[in-house]
Amino acid sequence: MKSITKNFPGVRALDNVDLYVEKGEIHFIVGENGAGKSTLMKVLSGIYPYGSYTGDILFDEQIKHFHNISDSVSCGIVIINQELALFPDLSVYENIFVGHEIKRKDYLVDWDETKLLAKKYLDMVGLKIDIYEQVGTLGVGKQQLIEIAKALSQNVKLLILDEPTAALNEDDSENLLKLLVQLKKEGITSIMISHKLKEVEAIADSITVIRDGKVIVRMKREEINEQEIIRNMVGREIENIFPKRPKYVEQEVVLETVHFNAFDTQKNRYIVNNSNIKIKKGEVVGIAGLMGAGRTELAHSIFGNPRKYKISGSTIVFGNVVKLNTPQKAIEAGIAYVSENRKKDGLILGEDISQNMTIAALKKISNRGILDFLEQALQTEKYVKDLDIKTPSIHQYVKNLSGGNQQKVQVGKWLFAEPKILILDEPTRGIDVGAKYEIYTIINDLVAKGMSIILISSELPEILGMCDRVYVIAEGVQTAEFLIEDATAEKIMEKATL
Amino acid sequence: MKQIDPIRKYILTLLSIFRTNIRDYGMYIALIVIFVIFSILTNGVFLRPMNFTNLLNQTAYVSVLAVGMTLVIVTRQIDLSVGYLGAFLGAFVVVGVEITYPEFLTKLTNGMMSAQLMSILSIIIAIILALVITVGVGALKGFLVAKVKVPSFVVTLAGMFVFKGLLMIKTNNRTIPTSNTFFDKIGVGYLSNFKIGNMDGLTLILGSLLMLLVIVFSFIKREKNVRLGIKVEPVSLFATKVFFLLGIIFLLMYTLGSFRGISYLLMITVVVVGIYHYFTTQTVLGRRIYAVGGNPEAAELSGISVEKIIIIVFVSMGVLSLISGVMYASMLQNTSPNHGPFWELYAIAAAYIGGTSANGGVGKVVNAVVGSIVIMSLKNGMALAGVNANIEPIVLGTVLLLAVLFDIYTRNVRAVDLVGMFYAKNKLQDEYKEAKLAYIAAKKELELATANNESNVIELEYQFTSAQGEYNRIKDRIRSAKEEDFLNELR
């Protein structure tokens, strides 16, 4: 791929990227979240069609224009996305051939041949399951292998895997890596996006490090070195974009989890594995880790478990063992959770600011179930002023606000519920530097008032700049705890990439 | 370890199959229960040959709609317009056959055409024109839903109003009786008059043929699976299945044969269902409908055009509405502005009772027909038993709700192997007891400590969670045990 540039509204996702992969090698693309790795692969596989980017794709020394995913598949380029493209209600053998069915007379499905070939491809990927099984009942590891079997059935030459092991446990990951090495022997080239540097060291023939949409370095097998990769991934110095604050941390522990586990019955694995965290009054505690490491899942499990994981272990809030099995109970216990996806889980976009701001504590502005709109307006005005939300009126629709102001509305909504513990999940994702600074200032004001904050973030500078203490999570397991004075980006990255 | 005795093993295996596939069998059980209840309430009249034949005839128009509706729901859409569309098309055909085309043909040939030829030609012209209309309407609905992205609920709700109006215009707000003998035959005729003894000869011949085919194909399929290296069930189970199927066919053959045999309505239903069953299980296009319903994004990524599939599904629904409308008009031998209401709702209910998933991607057309029979049995049975007619919709609604509840509760049913569980229980019984006792003890201790507000609550909480975990693990091991796991130990 030569000088690929791809713009999204307001963002340059890829900036003049050159990617070079040799035939028959396993190439890794590494970089922080949001560096542009997935975007690059979507360009290569035709998900972002020819014309939506600039630059050239060369495959087998020929310039290719992929207008859709079928074009790239017919050249032998198959992508396996993080979100698996399988059909949970259909059987294994049917899944493998959906879209490129084995046909008889052009319109009939040849089931006998389908089943025979399905068995053959399952053998090739080393999966020993009944071809009649429903894919939805299988674990992610097996589903991943079915995707690869599907790719093989499409005569794949170049296999692209976007964080294939992110959702897998250790055994499954190892299996997958072995399979890739074996496929390499059969002449199949692979490009793999991964955060797990141990995997990179184990099987990569070459790697490309991407940061902020640019290629930083390409390394060959001999040159690969974990420290070097991390340094290139993190790269930037922490500039002075974080407002200073004195230590407000007191001794009182406000929230504690003891041997806390959450089991996801759908993925059939522990997404929170023996978590023991403590948050003190007036403290900002960071939860660092890569995407899919289980940070959000931990927050959800504490905040009333809305996704209905199987929880075991205990939560202790203000010295009492509590069972927070609904978000309602968590709110009553003084916990608030500002979602990472404000548009999907946090805000009602088609409603105005005052509605959004008061929705989590309507009791405060109502009298025997009848809403007091004057009170609602007054309270909203107060928060709009406190949080410095830039809007012509409190009756502005939230969808018309900028990202930063939307985020402030979301924070205001939860502050209105007067929590003692505030969980902020990626509070600065997708907002500009100025708005970030304002959010950081709000955080500082809140801890000054004695609130405790859990800050979940993918951005290491943010963690280092804002927190008093940080827990690192990898694959659901708490791998390290640092006082912020002892933490560095490299140390955290090392613990986050097991 | 001791081997399980064969009779017990056979029963446990049957039960395992039953429990594993409870979702598929649910509506058959419902049907049997309904049949038994009404047979008792009506002193056996309900299942007498005449009533049973009538029941199947009454079900025909709903079955045909339900088949199409299943595919609509499988693709995550809905079609509310099919009732009045069907009734309108019925009126279109009847008015055409009775008035418009005979007049037209008389004029064209100066009255030289024989009456018989004219009535046949009228039917053909009417049906062809109706087909053109309905394909156009279906394509338009599909286009609006798939390309313009108007929710199908809105598109078809609008269609429902429009077709209701067109029906009233076409019938001129009067009931128009049919007099065309060929047309009437569709709704009230039977395939043959040929008798063997007291029975209908054709039914006996077809039934026997079907039984023969079942036997032959069961063996061929089993043989093929063995050849492909796919696991087959033990002989005892295989025989049970075949005999069960043969028994059902025999009963059906006997019941229908004792009255007048196979009606045209039944024949059309069977042909339509047969074609759709084949279409949805054996053709590329049919399977893609399920892929689109199960995961539209993945389907698009697999190179399937979701828009095209949705348009095809709505066109098919339109064609089936025409068949259904013609069946209904000829069954009642008239067309009327009162035809049409609730048809679409019966069809939707039938699809849901037949286990079609409201989330898309799951649903068998054959099961939708069974769902239709469930609904029409309730209607027919309650009328026969003299139940107050006002009660009927209440019962119908309740049954629909129960069916969907059943579906939700059995959604996560995992495969069980009771034989394996039997061995595992024997093997793990000591560990199981121990874990259970530990769990109960830890629970009690924790409760006591919590009640007395003791200081070590947190510690006990942890003990309780680990005891619970251990207990669950053993239960799960027993639950997921398979017979194969014990083969070595049994030897």
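For the structure itself, consult the block above.
Residues numbered from 1 in each chain as written. Chains lettered and ligands numbered in written order. Predicted model: local features only at pLDDT ≥ 70, side-chain atom pairs only at ≥ 80, totals over all residues.

**Regarding the overall build of chain B**
Working step 1: A count of helical and extended segments in chain B gives 19 helices and four strands.
Working step 2: Here the C-alpha coordinates of chain B stretch approximately 100 × 60 × 50 Å along the principal axes.
Working step 3: By the burial criterion, 38% of the 491 residues in chain B qualify as buried.
Working step 4: In chain B, the proportion of contacts linking residues at least 24 apart, taken out of those at least 6 apart, comes to 82%. (Helix = DSSP H or I, 4+ residues; strand = E, 2+ residues; numbered from the N terminus. Buried ≥ 20, exposed ≤ 12 C-beta atoms within 10 Å, placed from the backbone. Contact = placed C-beta atoms within 7 Å.)

**Quick look at the pairing of strand 23 (residues 452–457) of chain A**
Residue and element names in this part refer to chain A.
Working step 1: In terms of burial, strand 23 is a largely internal element, six of the six residues being buried.
Working step 2: Alternating positions in strand 23 separate into two faces, S452, I454 and I456 on one and I453, L455 and S457 on the other, with burial throughout.
Working step 3: Of the strand pairs in this sheet, strand 16 (residues 284–288) and strand 23 are connected by five bridges, and their pairing is parallel. Across the sheet, residue G286 finds its bridge partner in strand 23, namely L455.
Working step 4: Sheet topology places strand 22 (residues 421–425) next to strand 23; five bridges connect them, and they run parallel. (Pairing = 2+ DSSP bridges.)

**Focus: the interface of chain B and chain A**
Working step 1: Counting residues at the interface gives 25 residues for chain B and 27 residues for chain A.
Working step 2: For the side of chain B that touches chain A, the element with the most residues is helix 18 (residues 457–479) of chain B, which contributes seven residues.
Working step 3: The residue inventory of the side of chain B that touches chain A, partitioned by class, reads 13 nonpolar, ten polar and two charged. (Nonpolar A, V, L, I, M, F, W, Y, C, P; charged D, E, K, R; others polar.)

**Details of unusual backbone geometry**
Residue and element names in this part refer to chain A.
Working step 1: In this structure, D106 is a non-glycine residue whose phi angle is positive, near 75°.
Working step 2: Note that D106 resides in the loop between strand 7 (103–104) and strand 8 (108–109).
Working step 3: In this structure, D388 is a non-glycine residue whose phi angle is positive, near 55°.
Working step 4: For D388, the position within the fold is in the loop between helix 13 (373–386) and helix 14 (403–416).

**Details of the nonpolar core**
Soluble globular proteins: nonpolar side chains tend toward being buried together.
Working step 1: Formed by 234 residues in total, the largest nonpolar core has its most connected members in I160 of chain A together with A347 of chain B.
Working step 2: Per element, the largest residue contribution to this core is 16 residues, and it comes from helix 13 (residues 306–332) of chain B.
Working step 3: Ignoring any residue separated from it by four or fewer positions in sequence, one finds I160 of chain A in contact with M41, L44, S45, I77, V78, I79, I80 and I191 of chain A. (Core = buried A, V, L, I, M, F, W, Y, C linked by C-beta atoms within 7 Å.)

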